[in-house]
Amino acid sequence: MQAKEIIARRVAQELKDGYVVNLGIGLPTLVPNYLLPDINITLQSENGFLGLGPLNGQEPLPNLVNAGGQPCGMIPGGSFFDSAMSFALIRGGHVDATVLGGLQVDCCGNLANWMVPGKMVPGMGGAMDLVTGARHVIIAMEHCTKDGGSKILKQCSLPLTCRGKVHLIVTEIAVFRVDNGLVLEEVGPGIDIDVVRKCSEADFRISPTCRQMTI
Amino acid sequence: MSIPQKVISFKDAGQYFRDGMTIMFGGFMGIGTPAGLVGSLLAEGAKDLTLIGNDTAFPETGVGPLIGNKRVARLIVSHIGTNPETGRQMMAHEIEVALVPQGTLIEQIRCGGSGLGGVLTPTGVGTVVETGKTKLSFDGVEYLVERPLRADVAIIKAKKADRVGNLVYERAARNFNPIMALAADLVIAEVDELVETGAIDPDIVMTPGALVDKIVLAGRD
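Everything numeric in this text was worked out from a predicted model, so none of it was measured.

Moving on, we get to the overall build of chain B. Assigned secondary structure in chain B consists of six helices and 11 strands. For 221 residues, the compact-globule estimate of 2.2 N^0.38 gives 17 Å, and chain B sits close to it at 18 Å. Oriented by its inertia axes, the alpha-carbon framework of chain B measures out at about 55 × 40 × 30 Å. Looking at chain B residue by residue over its 221 residues, the buried ones come to 51%.

What follows is the structure in structure tokens.
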């Protein structure tokens, strides 16, 4: 199974029935494909609606795009609103969980995912509000960079998206809970704890109930 | 008493744009950006503009053409990642870009249009966003003081208007538009459809006509 699918499947297990969820672009958008049976969630799109859904082969409607600007569908019972309402929902604790990608996360629950100085400066968009206001902040990312460097650090070196707001980090080889440092809760399929240690710059504690991911 | 004539041509709309103006534009990645009014701005030749809006869309959509044609001196936006030309001009110091969290940006605009002196938000605490800003703490939570934003002109896009300027938006094209209608000295709405006054149920009006100064009809001159 590919790394991205492992991560998406594992993140899906965090989403409880009835949750309102905002998904970042990229990997997080895979998560709804793997929801557990009988789990229904409502997706919030920060450009102004609740009830984001797949197109399912239908003709796209005008002015219906997701927060990545791509045509999308909408489920029955959805609603549109302006950006002030959208971010009141986000900051005000009305979004149960957000799943975002990350460039770096550190053992204090700090996240960097919005810029690489001198190289990539896309802007934070809604990410800073999402990590500030969502009840559960889940970072879904591959454990290492393309060059093999760890993205789980003692201290983020890139400009932060937030300080101390991350609750859970899911990679293809590990699930960390942030609780006064990182706690290893699960390892990926067939992965030894030593591999997680080797691939993580940050130190972590091992949960007494640490187990293999079930995906 | 006669109702002021709000419906104008795109050419007439052009006369309101001046060099050095601050202009708010609705839209999210170009969805809900008034393309015809962006065209008027281009045709008018106004330059050294300060633009306030969510993002610079793509090179050919939203306000992308204004960036590409070097009309913009300064941007206050949450995102520029989908328009490589904005990034290039920023790196080359040809354009000044202030990146603002999206939820903060919309609240600054709301404050600017609502008679408020600012808003307290926890967003951005502990990041570069807090640089130079006043921080206040209440009940153990730190907040940044974010000041209001206003513009000389707001260009917004709606699905439908009546002749007094009541607006209805369509789907995700609403986004920043109704909030910006509060926050500029002159508000010009581009609409797909113009109906007679009274034809829009007052219960579904999303922006009250009193906020809209001028209306242009998309696809016309």
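Read on for the rest.
Attention now goes to helix α1 (residues 3–12) of chain A. Residues and elements named next belong to chain A. Counting buried residues in α1 gives seven out of 10 residues, a clear majority hidden from the surface. The set of residues buried in α1 consists of Ile6, Ile7, Ala8, Arg9, Arg10, Val11 and Ala12. On its buried face, α1 sits against β5 (97–100), β8 (136–140), β10 (168–170) and β11 (174–178).

In this section: the interface of chain B and chain A. Quoted interface sizes are often the accessible area lost when the parts come together. With 36 residues of chain B at the contact, the number on the chain A side is 31 residues. Contributions of two or more residues to the side of chain B that touches chain A are made by α4 (84–91), α5 (102–114) and α6 (177–180) of chain B. Among the elements that make up the side of chain B that touches chain A, the one with the highest residue count is α5(B) (five residues). Looking at side-chain class alone, the side of chain B that touches chain A contains 18 nonpolar, 13 polar and five charged residues.

We now examine the nonpolar core. All names here are of chain B. Residues Met24, Ala154, Met180, Ala183 and Ala189 are the most contacted members of the largest nonpolar core, which totals 122 residues. Here the element with the most residues in this core is strand β8 (residues 151–162); it accounts for seven residues. Excluding residues that lie within four positions of it along the chain, Met24 makes contacts with Ile52, Gly53, Ile109, Ala151, Ala154, Met180, Ala183 and Ala184.

All names here are of chain B. For chain B, mean pLDDT is 97; residues scoring 70 or higher make up 98% of the total. The least confident element of chain B, judged by mean pLDDT, is helix α1 (residues 10–14) at 95; the most confident is α6 at 99. Here the predicted complex scores 0.97 on pTM and 0.97 on ipTM.

Looking now at the sheet that holds β8(A). All names here are of chain A. One open sheet accounts for 10 strands, arranged β4-β3-β2-β1-β5-β8-β10-β11-β12-β13; its pairing is mixed. Strands at the two margins of the open sheet, each flanked by one partner only, are β4 (73–80) and β13 (204–212). With direction set aside, neighbouring strand axes in the sheet form an average angle of 25°.

Direction vectors running N to C along helix α2 (residues 83–91) of chain A and α5(B) enclose 130°, while the axes themselves pass 9 Å from each other. Classified by the interaxial angle, the pair formed by α2(A) and α5(B) is oblique. Handedness of the crossing formed by α2(A) with α5(B): left-handed. On α5(B), the residues that touch Ser83(A), Ala84(A), Phe87(A), Ile90(A) and Arg91(A) of α2(A) are Gln102(B), Gly103(B), Ile106(B), Glu107(B) and Arg110(B).

So, how was this worked out
Residues numbered from 1 in each chain as written. Chains lettered and ligands numbered in written order. Predicted model: local features only at pLDDT ≥ 70, side-chain atom pairs only at ≥ 80, totals over all residues. Helix = DSSP H or I, 4+ residues; strand = E, 2+ residues; numbered from the N terminus. Rg over C-alpha atoms; globule rule 2.2 N^0.38 Å. Buried ≥ 20, exposed ≤ 12 C-beta atoms within 10 Å, placed from the backbone. Contact = placed C-beta atoms within 7 Å. Nonpolar A, V, L, I, M, F, W, Y, C, P; charged D, E, K, R; others polar. Core = buried A, V, L, I, M, F, W, Y, C linked by C-beta atoms within 7 Å. pLDDT = per-residue confidence, 0-100. Pairing = 2+ DSSP bridges. Axes fitted to C-alpha atoms, helices over the stretch in contact; angles between N-to-C directions. Parallel < 35°, antiparallel > 145°, perpendicular 65-115°, else oblique. Left-handed = near helix turned anticlockwise from the far one by under 90°.

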